[in-house]
Amino acid sequence: MSEGRTVATRLLVTALVALLVVGLAGIVPLLAPSSGIDGGPDHPEYDADRLAPERLEASGNANPRGDVGVVLFDRSHGNRVEGEEVSSLVRAVDQAGGEVQFTGHSGGLASGLSEADVLVIVDPATSYTPSDVDAVERFVDNGGRVLILGEPNRKAVESEGLEVGLSTRRSKVTTVASPFGISFGTQYLYDMEANDGNFKNVVTSPPDGTNAEVVDGIDQVALYTAVTVEANRGTVLLRTARTAERSDERTPGGFPVAVLSPGGNVMAVGDKTFLAEEYHAVADNDVLVQRIVEFMAQANQEAGQSSADTGETATPE
Amino acid sequence: MSASKLRRFLHRATRSWVLFAVLGLVVGLLVAPFAFQAANSPDGTVAVVPIEGGIDGANAASVSAALQEARSDPSIDAVVLVSNSPGGGASASETLYLEVSRTAEQMPVVASVDAMAASGAYYAIAPADHVYAKPSSLVGSVGVFVQRPQDPQPIDEVVASGPKKLSGGNERDWSYKTESLRRAFVGAVFASRGDNLTISEEELSKAGLFTGAQAVENGMADEVGGSSEAIRAAADRAGLDDYRVKVLRPGGEAVFISRANYVASGTEDKRLVSPNYFVGSLTEEPTVPNVLMLPPSVLAASADEASGPTAAPNESERQEGTP
């Protein structure tokens, strides 16, 4: 073999080796594990079925009946009640043949009561004075019916001119509710399990064994940022599930959220939002509205039976 | 020199032991520094990736890029996340969760909570193999809040193609959407740390904030310690006796909405801005839904901010000094 041919052969080997190295450089990255651009871990924690909560049914097909007279909504105590907030109740009263009236913003409670059959007190911002309370007590003594809707203390963003800040809103129902043995809590209730989409939207039910007419046919009522309501020797109409808690970290339990006074003429619910257009059809809320109208229709009739329906004291379980 | 003389010289040279010995010495001296360096070089590298400030899109992109660099750099064997963040936007926080999950699939990831790993920041570090927290660290706030747009329907000025086009849904719809987001967040934490957690899913969902010691007690963190312990633990998990530490500090400016995090931060390029950066003005209704993973105090701070002169991001305090 000539020297020139030997050199050529070795150069060929050199070229082949170089090609092999270049080829490996191109192939190895393809065989190597992904650098993270593509692929990655599976995420069973994001399973869509598990993430989608089951909604409470909302139908709203109740049909209020009864013979309701004049229903007076108090607005003279800074009551935070607008028409749309209680629209389902106003409509139900109307369907039952009743007449809805509102007091003036600055007074007129006593004069309004003289013509009313039912008084509705919603989330007042100012306390009822002794003379107001006397008027309400006389109204009840004469067979009138009262519905009190409370709300928990809550923070609200308020602005006045350039000033913006958080203020606390309180439902000042104590002076008007306590003469009837009814007391409202101040802290909101929540339930991490039995709720309508959010922990503050608690699902409540009539206590086992209750036969109070005002919760007849009701299985579940959803309340929205509710507060406890207790009635000494009264009747519990609705309780939260035992998984509910109060925002002040009280031990979980079934908290009463709707009660009837011992005399049966005053009904109290720790929420007003369930009456709003958006919520009155959820679960059996519409049935509760119907029963409230029937409760109103009993004004001027003989009162007293409903309070003894169960004999259960309206306190937390 | 003639060709014959050259051939004779080469012939003699190839038979000379001395010449080959000299050649060997020269080659040896050339290669020796590399050998010495190799003998003394660390076994590998632990990358430290800080998660600092409010987690917005830019922040998430920077941290993701640092994690991607760690995954693609063969010299990096483990990652330590150092959190000094109250969380931020939900989407950006989820991005970090997914990036950290991916990284943890590839190499050991250990987290160290500096001042805070709250809400979205805790979401980000949850996939870590081990979490250290200092006694004063704040950990938790596992939850979301949603600023939903109000429904302006019916409105004459805008014609929408559907009843939910302008609002995305009513208040109740948004409650269920928020519940779905909660489930995703809580589910991710349990998927990542379920074996370590002693806190129940229900209790975790209450979104409480815990000190480092409390977090160790309820399993949201594993040990009390700082970033040094986290680096050692990461190296140990990667089987490194001798290691170098490389800080992959995300590029860009860290934007802080809490002074505690701002002061604790070691980064040079940082800025303290109003919580409104994330929350907006509470007196203005959001035009689009805003899903946030931040501690609740941010809302109150935003309200306080709204009552005084609002600090626009570009007017806020800027750190000029060294870390």
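Along each chain, the written sequence defines residue order, and numbers are assigned to residues from 1. Labels follow written order: the first chain is A, the first ligand is 1, and so on. Restriction of local features to residues with pLDDT of at least 70 applies here, the model being predicted, together with a cutoff of 80 or more for giving and counting side-chain atom pairs; totals for whole chains, interfaces and linings are based on all residues. Water and hydrogen atoms play no part in the side-chain values, which are based on all heavy atoms of the structure.

A.B. asks: Break down the overall build of chain B for me, citing the residues and quoting the values.
C.D. replies: Secondary structure elements are defined from DSSP: runs of H or I of at least 4 residues count as helices, runs of E of at least 2 residues count as strands, and each element is numbered from the N terminus. From N to C terminus, chain B includes 12 helices and 14 strands. Between buried and exposed lies partly exposed: a residue is buried under 20% and exposed over 50% of the maximum accessible area for its type, with that area taken using a 1.4 Å probe on protein chains only. Counting the 323 residues in chain B, one finds 46% classified as buried. The criterion used for residue contact is that any of the two residues' heavy atoms lie within 4.5 Å. Taking the intrachain contacts of chain B between residues at least 6 apart in sequence as the baseline, contacts between residues at least 24 apart amount to 71%. Using a 1.4 Å probe, the Shrake-Rupley method yields the accessible areas, and only the shown protein chains count as cover for residues. Accessible surface computed for chain B: about 15500 Å², of which carbon and sulfur atoms make up 55%.

A.B. asks: So, the layout of surface pockets: which residues are in play, and what are the values?
C.D. replies: All names here are of chain B. Buried and open spaces are told apart on a 1 Å grid over the protein atoms alone, a cavity being a set of points where a 1.4 Å probe fits but cannot get out and a pocket being an open set with protein on both sides within 12 Å along at least five of seven lines. Residues with an atom within 4 Å of a point are the lining residues. Grid points are joined across faces, edges and corners, and a volume is the space filled by probe spheres set on the points. Estimated volume of the second largest pocket: approximately 220 Å³. Lining the second largest pocket we find 15 residues, and of these Val48, Val82, Asp114, Ser227 and Arg249 sit closest to its centre. The set of elements that each furnish at least two residues to the lining of the second largest pocket consists of strand S1 (44-52), strand S4 (109-118), helix H9 (227-237) and strand S10 (243-247). Top element by residues in the lining of the second largest pocket is S1. It accounts for 3 residues. In the lining of the second largest pocket, the residues fall into 7 nonpolar, 4 polar and 4 charged. Amino acids are sorted into nonpolar (Ala, Val, Leu, Ile, Met, Phe, Trp, Tyr, Cys and Pro), charged (Asp, Glu, Lys and Arg) and polar (every other residue, Gly among them).

A.B. asks: I'd love a proper account of the confidence of the model for chain A, names of residues and values included.
C.D. replies: Here chain A averages 85 in pLDDT, while 85% of its residues score no lower than 70. Confidence per residue, as judged by the predictor, is encoded in pLDDT with a range of 0 to 100. Predicted confidence for residues 302-313 of chain A stays below pLDDT 50, and this span has 30 contacts to residues more than four positions away or in other chains.

A.B. asks: Would you mind going over a negative patch on the surface in detail, with residue names and values included?
C.D. replies: Patch rule: a residue counts if its relative accessible area is over 30% and it has no salt bridge; like charges are joined within 9 Å, and nonpolar side chains (Val, Leu, Ile, Met, Phe, Trp, Tyr) within 5 Å. In the sections that follow, a salt bridge refers to a side-chain nitrogen of Lys or Arg positioned within 4 Å of a carboxyl oxygen of Asp or Glu. Under the convention used here, Asp and Glu are negative, Lys and Arg are positive, and both His and the chain ends fall outside the count. Think of each charge as sitting on NZ of Lys, CZ of Arg, CG of Asp or CD of Glu. On the surface, Asp43(B), Asp236(B), Asp241(B) and Asp242(B) cluster together into a patch of negative charge. Along the chain, Asp236(B) falls in helix H9.

A.B. asks: Quick one: what's the story with a nonpolar patch on the surface, residue by residue and with numbers?
C.D. replies: Residues and elements named next belong to chain B. A surface patch of nonpolar side chains, about 680 Å² in accessible area, is lined by Val18, Val22, Val26, Val27, Leu30, Val31 and Phe34. Counting through the fold element by element, Val22 comes out in helix H2 (residues 17-40). We classify Val22 as partly exposed; its relative accessible area is 44%.

A.B. asks: Before we move on, can you summarise helix H3 (residues 87-95) of chain A with the specific residues and values?
C.D. replies: Count 3.6 residues to each turn of an α-helix, and residues three or four apart come out pointing the same way. Residues and elements named next belong to chain A. Listed in full, the buried residues belonging to H3 are Ser87, Ser88, Leu89, Ala92 and Val93. Residues of H3 that are buried in the fold lie against strand S1 (70-73), strand S2 (99-102), strand S4 (145-149) and helix H7 (285-297). Looking one or two places after H3, you find Gly97, whose phi comes out positive at around 85 degrees.

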